[in-house]
Amino acid sequence: MAKLIIQSSVIIILISALVTAYFQDRLMLYGDKITDDMAQEESRHYYMYKVSLDDGAQKEIRLNNALSWLVYHLDKISKAYYTLLRGWTKKANRVSLVEGIFGFIRDLFTYVLLTKSVLNGEISAANFIFYLSLVVGFSEWLNNFSGHIRSLRRISLVCDKYRTFVHDKADLNTEKIILKSIDEIKLEDVSFAYDEDNEILKNINLTIKKGESIAVVGENGAGKTTLIKLITKLFDASSGRILINGIDIDLYDKKSIYKRISALFQDYFLMPTTLINNLDDKQQDRSKAKTLIDEMDLSNRFNSLENGLDTELINIEDNKVEGFSGGETQKLLFIKSLMKDSDLLILDEPTSALDPIAEEKLYLKYKDFTKDKMAIFISHRITSTRFCDRIIYLDDKSIAELGTYDELMNLGGKYKAMFDMQAKYYKENENEEASL
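These figures come from a predicted structure and were not determined experimentally.

Asks: Before we move on, can you summarise the sheet that holds strand S10 (residues 374–378) with the specific residues and values?
Replies: As summarised here, the arrangement of the 6 strands in space is S6-S9-S10-S3-S11-S12, forming an open sheet in which the pairing is mixed. With partners counted over all chains shown, the strands left at the sheet margins are strand S6 (261–264) and strand S12 (398–403), one partner each. Averaged over all pairs of adjacent strands, the angle between their axes in this sheet comes to 15 degrees, without regard to strand direction. Relative to strand S11 (residues 390–395), strand S3 (residues 213–218) runs parallel, the two sharing 5 bridges. Bridge pairing in S11 links isoleucine 214 to arginine 390.

Right, here's the structure in full:
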């Protein structure tokens, strides 16, 4: 009888474990399937939330009359994110319900079988406790074992995404050209879309040569950052061609492209290590770093640091943070971009902590440092783009206007309209401050 009890209990436990493992596996695969969508919506949601609470962004929101745009997209992105989250939660709740039902059936079956055996005198009370302990122990061991298997599979799925990210299959299977310098970048009818219903750029034609500085401006969402990510091979064009030195960008080794580019994007941070490691983690060129610190008017702040370039920006052992203001941090990041020996320098709206005058001074210094290189500046403060050789105004997914500052102002089009609007705003601000 004891053997029958154990066999029956084991069978019901195995059936319960297999059913719950199946549903858990299905839930895991579903979660893996929506991970990318969740990450994208979460990133958008976090960005919009951060912008909506950022004091420095409030002026820009008013400047571009973007409050209704901000509210609309924040609501839209929030709904998209929570729709995905609710979908996963519903499935997770169903799986928990199935687990609960089968766990209840398993426990009920075991208790009924053992209790009936005790009442019929087939086993003693002591054996009841002994057999119950065996069944419960085996059940817990099996649950832990299946849990570890699921964890390993979950880790495998995450590792697979990482391997896919760091290893380009095309690069592994074909011989790629090593890019040694960037002398010209040419875009021929380049378009980009996240999907069929979400086209960002359409039929972009543009040529940039070495020694030239380009400003890319336009309203929020015009595709400025997307254009840069296409040029830097972070995104692949949906159609058209991007040529570097007359050769298709897809024929170059990605790593060699990245080595020739220094980019400072909107999202940035300093690492919890020394100042020199943040500025130059490869060559450790201290002389160049100090020269650039002087040029960026950070000498006084630098001299106040106890250990100079070896100062720990975040000292974990002493629980100490070497604080830099927003403007100082952005200047440090400018220096970091200049420390790299690259041919193409990109600044993507990294000066939100600076006022327009300080921003323009910084850009002029940057242009002086990059006169022998190729430089692309992105800014929605178009008053600070006058120093560039050419200005691109993006609108309606394409290049609406292209020319020098004087040419676009004489054209009297969208660039001039935005320039006048921003100039009026800053003038009103100055009058308000003067009257206080």
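Asks: Describe the pattern of salt bridges, listing the residues and the values that go with them.
Replies: When the charged atoms of two side chains with opposite charge come close together, those side chains can pair. Counted under the stated rule, the structure contains 14 salt bridges. Across the pair glutamate 188 and lysine 186 runs a salt bridge, and its minimum N-O distance is 3.8 Å.

Asks: An account of the packing of aromatic side chains is requested, with residue identities and associated values reported.
Replies: Overall, the coordinates contain 11 aromatic pairs when judged by the stated rule. When the ring of tryptophan 141 is compared with that of phenylalanine 145, the centres are 5.4 Å apart and the planes differ by 10 degrees; the resulting orientation is stacked. Here tryptophan 141 pairs with phenylalanine 145, and both are found in helix H4 (residues 125–166), just 4 residues apart, close to one helical turn. A residue is classified by how much of its surface remains accessible, and tryptophan 141, at 49% relative accessible area, is partly exposed. On the basis of relative accessibility, which here comes to 43%, the residue phenylalanine 145 falls in the partly exposed class. Taken together, a centroid distance of 5.1 Å and an interplanar angle of 80 degrees make the contact between phenylalanine 192 and tyrosine 194 edge-to-face. With relative accessibility at 7%, the residue phenylalanine 192 sits in the buried group.

Asks: With reference to specific residues and values, describe the packing of helix H9 (residues 286–295) against helix H11 (residues 326–339).
Replies: For the pair H9 and H11, interaxial distance at closest approach is 10 Å and the crossing angle is 140 degrees. By the angle class used here, H9 and H11 are oblique. Every pair of crossing elements has a handedness; the one defined by H9 and H11 is right-handed. Residue-level inspection shows Lys288, Ala289, Leu292 and Ile293 of H9 in contact with H11, the latter providing Ile335, Leu338 and Met339. By residue class, the composition of the contact of H9 with H11 is 6 nonpolar, no polar and 1 charged.

Asks: Explain H9 to me, using residue names and the numbers behind them.
Replies: Within H9 the residues assigned to the buried category are Ala289, Leu292 and Ile293. Projected onto a plane normal to the axis of H9, the buried residues spread over an arc of 105 degrees and lie on a single side. Just past H9, the residue aspartate 297 takes up positive phi, approximately 60 degrees.

What counts as what
- Residues numbered from 1 in each chain as written.
- Predicted model: local features only at pLDDT ≥ 70, side-chain atom pairs only at ≥ 80, totals over all residues.
- Heavy atoms only, no water.
- Pairing = 2+ DSSP bridges.
- Helix = DSSP H or I, 4+ residues; strand = E, 2+ residues; numbered from the N terminus.
- Axes fitted to C-alpha atoms, helices over the stretch in contact; angles between N-to-C directions.
- Salt bridge = Lys/Arg side-chain N within 4 Å of Asp/Glu carboxyl O.
- Phe/Tyr/Trp six-rings, centres within 6.5 Å; stacked < 30°, edge-to-face > 60°.
- Buried < 20%, exposed > 50% of the residue type's maximum accessible area, 1.4 Å probe, protein only.
- Parallel < 35°, antiparallel > 145°, perpendicular 65-115°, else oblique.
- Left-handed = near helix turned anticlockwise from the far one by under 90°.
- Contact = heavy atoms within 4.5 Å.
- Nonpolar A, V, L, I, M, F, W, Y, C, P; charged D, E, K, R; others polar.
- Arc of directions from axis to C-beta.

Keep in mind that these numbers describe shape and distance, not what the molecule does.
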